[in-house]
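The lines below spell out each chain.
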Number of protein chains: 2
Amino acid sequence: MLGTVFNMIPSGENWKTQIRKGYIELCVLLLIRAHTRIYGFDLIEKLSVSELAVKEGTLYPLLSRMTTDGLLSANWEMEAVKGHPRKFYSLTRAGNRALDEMVGEFERMVRTFERLAQAEKGTK
Amino acid sequence: MLGTVFNMIPSGENWKTQIRKGYIELCVLLLIRAHTRIYGFDLIEKLSVSELAVKEGTLYPLLSRMTTDGLLSANWEMEAVKGHPRKFYSLTRAGNRALDEMVGEFERMVRTFERLAQAEKGTK
DNA sequence: GATAAAGCATAGCCATGCTAGGTACTGTGT
DNA sequence: ACACAGTACCTAGCATGGCTATGCTTTATC
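Please read these numbers as outputs of a predicted model, since none were measured by experiment.

1. What about the interface of chain B and chain A?
Taken together, the contact pairs 35 residues of chain B with 35 residues of chain A. Here chain B meets chain A over a buried area of about 3700 Å², counting both sides, of which 68% is carbon and sulfur. Counting every contact that joins chain B to chain A gives two salt bridges. Residue E101 of chain A pairs with K16 of chain B through a salt bridge whose shortest N-O separation is 3.3 Å. Applying the counting criterion to the chain B and chain A interface returns six residue pairs in polar contact (both at pLDDT 80 or more). Taken together, the elements giving at least two residues each to the side of chain B that touches chain A come down to α1 (15–18), α2 (23–35) and α5 (93–123) of chain B.

2. Brief notes about the protein's contact with DNA strand D
Of all residues adjacent to DNA strand D, which total 29 residues, the nearest are H84 of chain A together with F41, E56, R86 and K87 of chain B. Close to the protein, within 4 Å, the atoms of DNA strand D are drawn from sugar and phosphate at a rate of 68%. The separation between a phosphate oxygen of DNA strand D and a polar main-chain atom of G40 of chain B is 3.5 Å. E56 of chain B is positioned such that a nitrogen or oxygen atom in its side chain is 2.6 Å from a base nitrogen of DNA strand D. Only α4 (56–68) of chain A together with α3 (40–49), α4 (56–68) and β3 (85–91) of chain B provide two or more residues apiece to the surface near DNA strand D. Split into classes, the residues belonging to the surface near DNA strand D amount to nine nonpolar, eleven polar and nine charged.

3. Notes on the nonpolar core
Counting residues in hydrophobic clusters, the biggest one holds 70 residues, and the most contacted among them are V28, I32 and L63 of chain A together with V28, I32 and L63 of chain B. Look past the residues within four positions of L63 of chain B in its chain and what remains in contact with it is V28, I32, G40, L43, L72 and Y89 of chain B.

4. Quick word on the relation of the copies chain B and chain A
Placing chain B over chain A gives an RMSD of 0.0 Å and needs a rotation angle of 180°, together with 0.0 Å of translation along the axis. Those values place the two copies in the arrangement expected of a two-fold rotation axis. Measuring from the rotation axis to each C-alpha of chain B, the shortest distance belongs to K21 of chain B, at 3.2 Å.

5. Some thoughts on the packing of α2 of chain B against α3 of chain B
Residues and elements named next belong to chain B. Two numbers describe how α2 lies on α3: the axes approach to 11 Å, and their chain directions differ by 110°. Comparing the axis directions of α2 and α3 gives the class roughly perpendicular. Here α2 contributes V28, L31, I32 and H35 to the contact with α3, which in turn contributes L43, K46 and L47. For the contact of α2 with α3, the residue count by class is five nonpolar, one polar and one charged.

Basis of the calculations
- Residues numbered from 1 in each chain as written.
- Chains lettered and ligands numbered in written order.
- Predicted model: local features only at pLDDT ≥ 70, side-chain atom pairs only at ≥ 80, totals over all residues.
- Heavy atoms only, no water.
- Contact = heavy atoms within 4.5 Å.
- Buried area = accessible area lost by both parts, 1.4 Å probe.
- Salt bridge = Lys/Arg side-chain N within 4 Å of Asp/Glu carboxyl O.
- Polar contact = N/O pair within 3.5 Å; in protein donor to acceptor, adjacent residues only side chain to side chain.
- Helix = DSSP H or I, 4+ residues; strand = E, 2+ residues; numbered from the N terminus.
- Near = heavy atom within 4 Å.
- Nonpolar A, V, L, I, M, F, W, Y, C, P; charged D, E, K, R; others polar.
- Core = buried A, V, L, I, M, F, W, Y, C linked by side-chain atoms within 4.5 Å.
- Buried < 20%, exposed > 50% of the residue type's maximum accessible area, 1.4 Å probe, protein only.
- Least-squares fit on C-alpha atoms with pLDDT ≥ 70 in both.
- Axes fitted to C-alpha atoms, helices over the stretch in contact; angles between N-to-C directions.
- Parallel < 35°, antiparallel > 145°, perpendicular 65-115°, else oblique.

Structure (structure tokens):
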């Protein structure tokens, strides 16, 4: 029971989801570092401005995971007296190191991609 | 029983696997198109030359999937009289279209990454 | 006092990469 | 004659992250 949750993604287009794996984590860490400290809802806005749409169901578990893994530190804060409480995140030292590693790896991937795409044009 | 298959990947380094998802498919398609037709074992060699290590347990299921999805066409061939039979793959029309889409999407991701990484330096 | 919006959270599905095996054939050394 | 390494392909099962769908609370608006 519970049945088949009907699939929104047309078969053969899974790559659109798959290729985001890891990449979203990288971009989120970049944004957090750029802002020093930032909260979830704001992150979603800033990412969408960067043409990177990220759903809440994606972001919040991601932030939790990274906090558990020691990459982020989290603090509840009240903006002045009124307003909703917000959970602010910032990079730990381990988070900084991890991000540097990820940036390096992603740059390597981009170089490999460009070499392959270039080789392709050469053969055509 | 069967117990916990002991984890080779240190916790908190899952991103190294996750960030490859989709990316490997993209690179494999690029290589196949560049060579017009190519077989699995050769692909693994050519990828490793490109500093992109891909295991057999990753590549063969991937090639099968893409064939099932209609992105690739596969043909068994005997090299002359002797030698082992090899399965040669090449792009279908749908495979070509899909690859073009993936290239476009990856290039967008790279631009977004670069913008975020740049913004970061600006704030520092 | 109903509705929308800000803000966080979770359960469960699914596809992909990886581990760890397996098969079959050829060539080389002893 | 036999072991072994290399070529070449294949598969079951696990772990993981993104997504869908849903739920909660508080403030602001009408």
